[in-house]
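# Tertiary structure, described
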Amino acid sequence: MKLSNRQYNFIRIAVEVTVIIVVICVILYFRFNRERNDVTSFDENWTVTQDETKSTGVKLSEYEFPHIMSEGDVILLQNVIPKTNNDRVSISLLVYLSTVEVYLDDVLIYEYGEAEYQAGEMVGSGYHFIALPDNSAGKTIKIVICSREDRAFSSIPAIEIIPTQSLIASFARQHIVLLFVSLFLVVLGILLMINSLFGIFIQKQMQRLIWIGAFSFLIGIWSLATSKTLQIFSMDLQLNTTMEYISLYLAMIPLLIQMYTLRKDSEYWKRLLLWLAVIMLVIFAIVASLFHFTNTIHYCGALGTFHVIMVISLIIIIIAARKPLKDMDASDRVLNIGFVALFATGVVDLIRFVVQKYLMTNDQNLSKSILPIGALIFIVLLLMSYLFFVYNNILEEENRKTLTQLAYHDRLTGLYNRAKYIELLDELTDGEQDYVIVNMDLNGLKVINDTYGHSQGDLLLTTFANNLKDVFKDEVDLVRIGGDEFCIIGKEGDRNGIEHSLLKLTRVNRDASKELPFDVSAAYGVASSGEVADGDAEGVYRLADKRMYDMKIKMKQSM
């Protein structure tokens, strides 16, 4: 079966995604695997001062904060730089929404965020890579972290010492799974949106891929930002953090719109719920952005509100997506599995976030989000659901064409049949366009059936029909009304062109007769809509039929 444009689009998308992801994976594999892993843990023997309380011999990854850091809270970390096998090393420090100052033997060697804070802007979250001067071993390092937002953080991940030349490679290796998943989601989203924007002009239903692509892209960007792997491409912590929040706040919108397109035939109240959820999220994103960029309330301050809206939206999706099992096709079943996977990982990730931030603050295993994995599973299943949908549409289209072919075409000759002829006459009567009708009567069909048998009679019919197709091609509608009666309908009103083609048809029939045991000929009459009052199609046909009989009489008289 010939591939449709839709099928070509999917093949192209699959090839593009596969090639790009393979290239990215190969490049990153060779780029990062060739570096030596010389990371030194710098997690123990810290002196921590918080709320004028000093703790010594602290292991940072196990240190329990007395309370979550609020705006203005300060924590002081102090230690001695250990000796390493490398001369040039950097410290890797992950800090959230806080300014940072680093001193080496009381000399400031690094600072971040104070200018942004003084300007009223949000201070970014991320890894701080602090290059230590040569021969730093044995010197005292002091790190001053000042929270610039409420509920900024409640733990400090283990600090590491990394050779400066392998800093990015080591960082990427540490987050390799999330890096690949995030890049896949971003690249897939871009490709889906680009392909669907071009394909929408060919197949309207390609618009669904726009929303799948937008969701994939936004979740991919959020995953890169929240895992801090975006720092491989951009070291602007404020920009990265802004992208983290805004991509998260926008991601649910294309998902809900996609859900609406899939449930257009659902009850009105379900569709209304989906639109209300979309409007709620759009308003939230606009208001949060206005507050953020006017430095009234930064994006991070709206996170709690977003969590509530997200839970409500997920509940709405579940309600709107619900269908009785007996009414589900393969596309619906796969889609529902995808939504269950997304909902489950979303709920688990929200619980993980709350537990890690408020209850088990020193458990670093809870710091990594599983939502990108759930989103990847969901998007793959969503694409599978769409493929099932397209496949079902192709089958329905082929079945429709087959039924149309049977309903409107004569099985023997392949020309239109009487049912289509009646429909065409109705269209001509209702229309304002000039037209020409040619009524034709095939000569000798009954005699040939009686003399040579019905198989030869069928040969006469098919030969004449093929001659009609060869002469007139797609310029007119060709109809076998029944038996030996045929009709030509020219909607452009080009009577001279049709009469010229009829003369050519007579020559073609004469040539065909030389190879058959009987003659192929027909009488015909031509009439145009301008010859009949009000252009009534039945009247035009009757006039053409009268002229056909006049010609038939003349043909008999000349024999």
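Residues numbered from 1 in each chain as written. Predicted model: local features only at pLDDT ≥ 70, side-chain atom pairs only at ≥ 80, totals over all residues. Heavy atoms only, no water.

### A word on the overall build of the chain
A count of helices and strands for the chain gives 15 helices and 14 strands. Counting the 559 residues in the chain, one finds 48% classified as buried. If you take every contact in the chain between residues at least 6 apart in sequence, the share linking residues at least 24 apart comes to 75%. Surface accessibility of the chain: about 28100 Å² in total, with carbon and sulfur atoms responsible for 58%. (Helix = DSSP H or I, 4+ residues; strand = E, 2+ residues; numbered from the N terminus. Buried < 20%, exposed > 50% of the residue type's maximum accessible area, 1.4 Å probe, protein only. Contact = heavy atoms within 4.5 Å. Areas by Shrake-Rupley, 256 points an atom, 1.4 Å probe, with all protein chains shown as cover.)

### Quick look at the pattern of salt bridges
A full pass over the atoms with the stated rule returns 14 salt bridges. Between Lys142 and Asp106 there is a salt bridge, with the nearest N and O atoms lying 2.9 Å from each other. Of the two residues, Lys142 sits in strand E9 (residues 140–147) while Asp106 sits in the loop between strand E6 (98–104) and strand E7 (107–112), which places them 36 residues apart along the sequence. For Lys142, a relative accessible area of 25% corresponds to the partly exposed category. (Salt bridge = Lys/Arg side-chain N within 4 Å of Asp/Glu carboxyl O.)

### Here's the deal with helix H5 (residues 207–226)
Look at H5: 29 Å from first C-alpha to last across 20 residues, which is about the 28 Å you get at 1.5 Å a residue. Within H5, 16 of the 20 residues are buried, which leaves it mostly tucked inside the rest of the structure. Taken from the residues just after H5, Lys228 is the one with a positive phi, measuring 70°. (Expected span 1.5 Å × (residues − 1).)

### Details of the packing of aromatic side chains
Given two aromatic rings, one states the distance between the centres and the angle between the planes to describe the pair. Scanning the model with the defined rule gives 14 aromatic pairs in all. Taken together, a centroid distance of 5.8 Å and an interplanar angle of 70° make the contact between Tyr249 and Tyr299 edge-to-face. Taken as a pair, Tyr249 in helix H6 (residues 237–262) and Tyr299 in the loop between helix H7 (268–293) and helix H8 (303–321) lie far apart in primary sequence, 50 residues in all. Where Phe464 meets Phe486, the ring centres are 5.0 Å apart and the plane angle is 70°; that geometry is what we call edge-to-face. A residue pair is termed long-range when its members are at least 10 positions apart, and Phe464 in helix H13 (residues 454–472) and Phe486 in strand E13 (residues 485–490) qualify at 22 residues. (Phe/Tyr/Trp six-rings, centres within 6.5 Å; stacked < 30°, edge-to-face > 60°.)

### A few points about the packing of H6 against H7
Direction vectors running N to C along H6 and H7 enclose 165°, while the axes themselves pass 9 Å from each other. When the axis of H6 is compared with that of H7, the two are roughly antiparallel. The two elements H6 and H7 cross, and the hand of that crossing is left-handed. Contact residues: H6 offers Thr242, Ile246, Tyr249, Leu250, Met252, Ile253, Leu256, Ile257, Met259 and Tyr260, while H7 offers Arg271, Leu274, Trp275, Ala277, Val278, Leu281, Val282, Phe284, Ala285, Ser289, His292 and Phe293. (Axes fitted to C-alpha atoms, helices over the stretch in contact; angles between N-to-C directions. Parallel < 35°, antiparallel > 145°, perpendicular 65-115°, else oblique. Left-handed = near helix turned anticlockwise from the far one by under 90°.)

### Quick word on the nonpolar core
Of all hydrophobic cores here, the largest spans 74 residues; its most connected members are Trp46, Ile75, Leu77, Ile141 and Ile143. It is H6 that provides the largest number of residues to this core, a total of 12 residues. With near-sequence residues (within four places) excluded, Ile75 lies in contact with Val48, Thr49, Gln50, Tyr63, Phe65, Met69, Ile143, Val144, Ile145, Phe153 and Ile156. By size, the runner-up hydrophobic cluster in this structure holds 26 residues, among which are Val436, Phe472, Phe518 and Val526. (Core = buried A, V, L, I, M, F, W, Y, C linked by side-chain atoms within 4.5 Å.)

### A few points about helix H14 (residues 495–513)
Across its 19 residues, H14 extends 27 Å between first and last C-alpha, which sits within 8% of the 27 Å expected from 1.5 Å per residue. For H14, the full list of buried residues reads Ile498, Ser501, Leu502, Leu505, Asn509, Ala512 and Ser513. The buried residues of H14 all sit within an arc of 115° when viewed along its axis, so they share a single face. Among the exposed residues of H14, those oriented more than 90 degrees off its buried face are Asn496, His500 and Arg510. Tucked inside the fold, the buried residues of H14 contact strand E11 (436–442), H13, E13 and strand E14 (522–528). (Arc of directions from axis to C-beta.)

### Brief notes about the environment of Leu381
Checked against the element boundaries, Leu381 lands in helix H10 (residues 371–408). A sequence separation of 40 residues divides Leu381 from Ala341, and the C-alpha atoms of the two residues are 9.5 Å apart.

### As for the sheet that holds strand E10 (residues 160–163)
The strand order E1-E10-E5-E8 describes an open sheet built from four strands, whose pairing is antiparallel. With partners counted over all chains shown, the strands left at the sheet margins are strand E1 (40–41) and strand E8 (126–131), one partner each. Across four bridges, strand E5 (residues 89–95) lies against E10 in antiparallel orientation. For Val89, the partnering residue across the bridge sits in E10 and is Pro163. (Pairing = 2+ DSSP bridges.)

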